[in-house]
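Results of the structural survey
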Amino acid sequence: MEKQPIRIAQMMTDMNYGGVEMVVMNYYRNIDRTKVQFDFFALEGSSIPQREEIEKLGGRVFIVPKYTHLSQYEKAIQKLFKENYICLFDYLFISS
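Residues numbered from 1 in each chain as written. Predicted model: local features only at pLDDT ≥ 70, side-chain atom pairs only at ≥ 80, totals over all residues. Heavy atoms only, no water.

Thoughts on the overall build of the protein
The number of helices and strands found in the protein is three helices and four strands. Starting at the N terminus and ending at the C terminus, the protein contains elements arranged as β-α-β-α-β-α-β. Within the protein, the fraction of its 96 residues that count as buried is 36%. At a minimum sequence separation of 6, the contacts of the protein that also span at least 24 residues come to 63%. If you sum the accessible surface of the protein, you get close to 6,500 Å²; carbon and sulfur atoms cover 55% of it. (Helix = DSSP H or I, 4+ residues; strand = E, 2+ residues; numbered from the N terminus. Buried < 20%, exposed > 50% of the residue type's maximum accessible area, 1.4 Å probe, protein only. Contact = heavy atoms within 4.5 Å. Areas by Shrake-Rupley, 256 points an atom, 1.4 Å probe, with all protein chains shown as cover.)

Quick word on the pairing of strand E2 (residues 36-43)
Counting buried positions over the eight residues of E2 gives seven, a clear majority of the element. Two elements, strand E1 (residues 6-11) and E2, share six bridges in a ladder whose sense is parallel. Across the sheet, residue Arg7 finds its bridge partner in E2, namely Gln37. Viewed along the sheet, the connection from E1 through helix H1 (residues 19-30) into E2 turns out right-handed. The pairing of E2 with strand E3 (residues 60-64) spans five bridges and is parallel. Its bridge partner lying in E3, Phe40 is registered against Val61. The β-α-β motif built from E2, the intervening helix H2 (residues 51-56) and the parallel element E3 has right-handed crossover chirality. (Pairing = 2+ DSSP bridges. Right-handed = clockwise from strand over helix to strand, strands pointing away.)

Focus: the packing of aromatic side chains
Taken as a whole and judged by the stated rule, the model has six aromatic pairs. Relative to Phe40, the ring of Phe38 lies with its centre 6.2 Å away and its plane at 70°, an arrangement referred to as edge-to-face. One exposure class covers both Phe38 and Phe40, and it is buried. Where Phe41 meets Phe81, the ring centres are 5.6 Å apart and the plane angle is 50°; that geometry is what we call tilted. With Phe41 in strand E2 and Phe81 in helix H3 (residues 70-84), this pair connects stretches of sequence that are 40 residues apart. Here Phe41 falls in the buried class, since its relative accessible area comes to 1%. Pairwise contacts between aromatic rings join Tyr28, Phe38 and Phe40 into one cluster. (Phe/Tyr/Trp six-rings, centres within 6.5 Å; stacked < 30°, edge-to-face > 60°.)

Describing unusual backbone geometry
Both trends apply: most residues other than glycine have a negative phi, and most peptide bonds are in trans. Phi at Ile48 takes a positive value of approximately 45°, unusual for a residue other than glycine. When you line up the elements, Ile48 lands in the loop between E2 and H2.

Comments concerning the environment of Phe62
Along the chain, Phe62 falls in strand E3. The class for Phe62 is buried, based on a relative accessible area of 13%.

Put into structure tokens, the structure is as follows:
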């Protein structure tokens, strides 16, 4: 059986064309994706212009409720982690 890559959740806020998104995407383009894959969690309403590239590179994009609906956000995150066996995460929060 072929060893599956470690999946790391990238907890983004609004996933658009900002600086943080560009840095994370540059890392993602240049890592050994046979060993490590990124899964992106973006808030609903994000434009996610990188979605096609992420999926082409083997990553996944999950849409979660906004923080203004905190209980819905927490339930969605817990469900996605449980269903997808994501073992590591990187939370990137930039306040404007």
